[in-house]
Amino acid sequence: MAFLEPIHQEEWSIKPLPVRNTTSSMLQQRTFDRIACSTLPQQWPTDEEEAPTNQDPFLPWIHDVFPTADGKFIQFVAQNKRRCQSGSTKTSIKDFMQPNIALFQHVPVTRIYNDSDSSIRSSSNSNSNRNIRYRLSSHQEADKDGIETRFICRFKPSLEETLSVHNLNYDYHTLRKAYRATFTKEGFDNHMIWTSQLLFKCPVPESLQEQIRLGTTVVDDYATLFVDVVPIRTPPRYGSPTRYLPPRLYSEKNDWDPAVEWGSSHILPRIEDSGRWENIPICKPSLMTYPDQGVFHAMDREEIAAHDEQVAEMAQNNTKKRLIACTWTSSLFETRGGKTKVNDGNQRLLQWLEFNKLVGVEHVYVYDNSGAFSGTNSLKSVTDLFPGFATRIDWPAKVCNNRPGNTDNKGERSSQYAAAMSCHLRFGVHSDWLMAADTDEYMVPMGEHDSLKDLLEIADKENIKVLNWKSKRSKPRLQYFNVTPSSPECKVQKCFDPSLPEGKTFLEVYNCNVEKPPRVNVMPAEKAIYRPDFVVLFFVHYATVTVLSQMGKVDLENSGKKWLRRYKVTSLRYVDEETEGTMLHTKAIVEKEVRFWNRTFQSNPKNTKLGVEWPGGMDENQNPMFRTVLHGASYRPNCYPVPKIDEVWVPRLTTALGNRSLEGSDNPLI
């Protein structure tokens, strides 16, 4: 459930900040259905109609929550709700949502003890004394576990309390990227991509850690332990990111003075009198909740217990896979701006999974967003074909703003961003390397390599932590299509159905790039295979925050590395497209994108989304007048196939799909 607290932004300009005098009677209660652990992400109230954040933006917009594998933390993956409406005409909603960005910034607190028992003071980072209160303080005055916090975490039924920690210091990363501010009051800060995902953890009291690590507190898929999350409600800090950094990261004096801003006696209300998330279920560690071999029936208690014990032992021994993949996808979806609906998601996932199995990926986690568009469609029929290889997480959270990223009110694909970090934090700890890619992106081994693991071996020897793959939309080859008009409308507009021809793969049909490798004219939308133990925050295309970018100057220099104010990832490189690997981006085209295709092709072949391939060994520079004949007409070629894809990978994929068809011939997807 959630308790919503009134917010008085008019008091933010008063110094010191007035103490909140709320009582439980002032809070509005929101109650939600009981959540089963195996379906927690799909039941979590993220949508506009039900998210409590829309009424009380100090409540984090949570998308996922789970314990770490060692049982020591409860990890939260939330999104920045203010980023959903960032346009110049959205001033009122951006003003209202200011509390949501305050949650990204730490506050120091110290405990106020009303109990004379000194043993309470000396206890470790938790307490269960209901007389304890919290006071806003300076870094120097704060309790050791309260120097950088933002939430009070109360565990139930024990009522032990801990103080949250962020996965990263957002202001410090802004400093390391040499930006002037993390947030602006006006809300024009969506280019600060590291402020999209709010990542924080609640430390688990020592008395509960072993039970949570072993998963024994979940009975028949329902939690018996819970945590309340109580935000510490202070205004956001605008201006330079150095205004209030903790001593471990910044040795110079802060120009933001907590004694002036908060005073010396700002005591927070009791938890019962504070707005909060309450009774959040504490489920099992992720590999227990989502077993590789599929979810167990809730009544198979002995089998579940044996599996959980094995998983706990593997985690404790740090047993890892070599390479896993994460993808956020859907059976159908709308392109940015809602201009086009595409419904080939099942077919794409099937072929993409089969291909990644061929190239050495050991397990794929599929975040199925189909529920955002339909209550009946899903990707389950596909993932069920890959037991032990593909795990499906039902993820129906909607994108809060699907507009293009180059408009005034920039798009914010909140569901995708949260899914990426959920997968990174849930499953990345169990793998050396993690691939982040969409189902239209094929990372293809090249040269002498037949496995992506070959490239990982090379990267490890070079101390490379991030392997980037260049991206540029490829063109579907015209030779594979029937260009007969596919509808009455197409007879007028001279178009045809560009759906994947029967019996063909996306890998084959779309194998035509506008440049020969190594490509130069690419998009700033690369994808990556990266080490999760090095990358702290991955944002769609970029290893945005790393363990090195979060190290203070002293710690970094003590480790033998040079501190530069403008941080750049040095343990990163692009794969060599000729000798190591290339990425084929097979982004779908739809009927309206091939209207008057023939006329466009004849006037400007480079500007059409369709491809006519250059014959082997030929190119536009050496053969400026060359034309080829297709469908009874001559065309100037405009793209280049990757020979190894046609000669090696297309036959292998076709054979693998054929074998799977023999195994499950009644499945209409094959």
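Residues numbered from 1 in each chain as written. Predicted model: local features only at pLDDT ≥ 70, side-chain atom pairs only at ≥ 80, totals over all residues. Heavy atoms only, no water.

Focus: the environment of I464
Rules: For helices the rule is a DSSP run of H or I covering at least 4 residues; for strands it is a run of E covering at least 2, with both sets numbered from the N terminus onward. For every residue, the accessible area obtained with a 1.4 Å probe (protein chains only) is divided by the maximum for its type, and the residue is called buried under 20%, exposed over 50%, and partly exposed between those limits. The contact rule is simple, with two residues in contact once any of their heavy atoms fall within 4.5 Å.
Turning to its location among the elements, I464 is positioned in the loop between α13 (452-461) and β22 (466-471). Here I464 falls in the buried class, since its relative accessible area comes to 9%. Considering only alpha carbons, one finds I464 and P501, 37 residues apart in sequence, at a separation of 40 Å. Setting aside anything within four residues of it in sequence, one finds I464 in contact with W433, A459, S571, L572 and R573.

Considering the sheet that holds strand β8 (residues 161-163)
Going by this rule: In short, DSSP must find at least two bridges between two strands for them to pair. Axis lines are fitted through C-alpha atoms, for helices just across the contact stretch, and the angle between N-to-C directions can take any value from 0 to 180 degrees.
Sheet architecture is open: 6 strands sit in the order β2-β1-β14-β13-β7-β8, paired in antiparallel fashion. Every other strand in the sheet has two partners, leaving β2 (28-30) and β8 as the edge strands with one partner each. For this sheet, the mean angle separating the axes of adjacent strands, direction not counted, is 20°. Sheet topology places strand β1 (residues 2-4) next to strand β14 (residues 276-281); 2 bridges connect them, and they run antiparallel. Counted as the bridge partner of F3 is R276 from β14.

Section: the state of the cysteines
For clarity, the threshold we go by: Cysteine sulfur atoms that come within 2.5 Å of each other are treated as a disulfide pair.
Under the criterion given, the structure shown has 6 disulfides. Covalent S-S linkage joins C84 and C400, the inter-sulfur distance amounting to 2.2 Å. Its S-S torsion of approximately -95° makes the covalent link between C84 and C400 left-handed. Of this pair, C84 sits in the loop between β4 (73-79) and α2 (91-96) while C400 sits in the loop between β19 (390-394) and α12 (414-427), placing them 316 residues apart in sequence. Residue pairing for C326: its cysteine sulfur links by disulfide to C423, the two sulfurs lying 2.0 Å apart. For the disulfide bridge between C326 and C423, the dihedral angle about the S-S bond is near -75°, and by the sign convention the bridge is left-handed. One end of the pair, C326, is in strand β15 (residues 321-329); the other, C423, is in helix α12, with 97 residues separating them in the sequence. According to the relative accessible area criterion, C326 is buried, its value standing at 8%. Taking relative accessible area as the criterion, C423 reaches 1% and is therefore assigned buried. Counting only the cysteines that form disulfides, in the order they appear in the chain, gives the pairing 1-5, 2-7, 3-4, 6-8, 9-10, 11-12.

Taken by themselves, the reported measurements are silent on function.
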